[in-house]
Amino acid sequence: MYTTIGKAASFELIEKKSRFIAHVQPVSTEQEALDVLDEIRHEHAQARHNVYAYRLQGGRTRYSDDGEPAQTAGMPTLEVLVHAEVLDAIIVTTRYFGGVLLGTGGLVRAYTQAA
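Residues numbered from 1 in each chain as written. Predicted model: local features only at pLDDT ≥ 70, side-chain atom pairs only at ≥ 80, totals over all residues. Heavy atoms only, no water.

Before we go on, may I ask you to explain the side chain of His-23 in this structure?
Looking at the secondary structure, you find His-23 in strand β2 (residues 18–26). By relative accessible area, His-23 is classed as buried at 16%. (Helix = DSSP H or I, 4+ residues; strand = E, 2+ residues; numbered from the N terminus. Buried < 20%, exposed > 50% of the residue type's maximum accessible area, 1.4 Å probe, protein only.)

Rendered as structure tokens:
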């Protein structure tokens, strides 16, 4: 038995004029996770970043900072899934840059909070 997401959901956070939109969705395969990522990238084509992390049964995990400084976005998002012990789910957080640099600590906090 394991914990997963029952249905897709989203959350929006504004941090120093940057807009973070987190999407979580249940997936059962890597291809489903990549399809969700592609769909969100298409929907938010004007966004600066589409950071993601997913965990699947069997131990498959992946994450990407998508252009954010290393370890400031994808890893914190993955850590949210790990801490919650959630499997078969993907989180994609879209960031629209607001013109104010958040710094590495600010990015970690914002992506973690959004996730």
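Just to check I follow, could you spell out helix α2 (residues 74–83) for this structure?
In an α-helix there are 3.6 residues to a turn, and that puts residues three or four apart on one side. Among the residues of α2, Gly-74, Pro-76, Thr-77, Leu-78 and Leu-81 are the ones counted as buried. Residues of α2 that are buried make contact with β3 (49–55), β4 (61–64), β5 (89–96) and α3 (103–114). Trailing α2 by a residue or two, Glu-85 shows a phi angle of about 60°, which is positive. (Contact = heavy atoms within 4.5 Å.)

What exactly am I supposed to notice about the packing of aromatic side chains here?
The way to describe two aromatic rings as a pair is by their centre distance and the angle between their planes. Within the structure shown, the criterion is met by two aromatic pairs. Taken together, a centroid distance of 5.0 Å and an interplanar angle of 90° make the contact between Phe-20 and Tyr-111 edge-to-face. One end of the pair, Phe-20, is in strand β2; the other, Tyr-111, is in helix α3, with 91 residues separating them in the sequence. Each member of the pair, Phe-20 together with Tyr-111, is buried. Seen in terms of ring centroids, Tyr-52 and Tyr-54 are 6.1 Å apart; in terms of plane orientation they differ by 10°. Their pairing is stacked. When sorted by exposure, Tyr-52 lands in the same class as Tyr-54, which is buried. (Phe/Tyr/Trp six-rings, centres within 6.5 Å; stacked < 30°, edge-to-face > 60°.)

Which parts of the structure should I look at to understand the pairing of β5?
Side chains on a regular strand alternate between the two faces of the sheet. Within β5, seven of the eight residues are buried, leaving the element largely enclosed by the surrounding structure. Pairing of β2 with β5, which is carried by eight bridges, proceeds in the antiparallel orientation. Pairing of Pro-26 across the sheet is with Ala-89, part of β5. The pairing of β3 with β5 spans seven bridges and is classified as antiparallel. Residue pairing for β5: Ala-53 is matched across the bridge by Ile-91. (Pairing = 2+ DSSP bridges.)

Is there a simple way to explain a negative patch on the surface in this structure?
A cluster of acidic residues, Glu-32, Asp-35, Asp-38, Glu-39 and Glu-43, forms a negative patch on the protein surface. Of note, Asp-38 is situated in helix α1 (residues 30–43). (Patch = residues over 30% accessible without salt bridge, like charges linked within 9 Å, V, L, I, M, F, W, Y side chains within 5 Å. Areas by Shrake-Rupley, 256 points an atom, 1.4 Å probe, with all protein chains shown as cover. Salt bridge = Lys/Arg side-chain N within 4 Å of Asp/Glu carboxyl O. Lys, Arg positive; Asp, Glu negative; His and termini not counted. Charge placed at Lys NZ, Arg CZ, Asp CG, Glu CD.)

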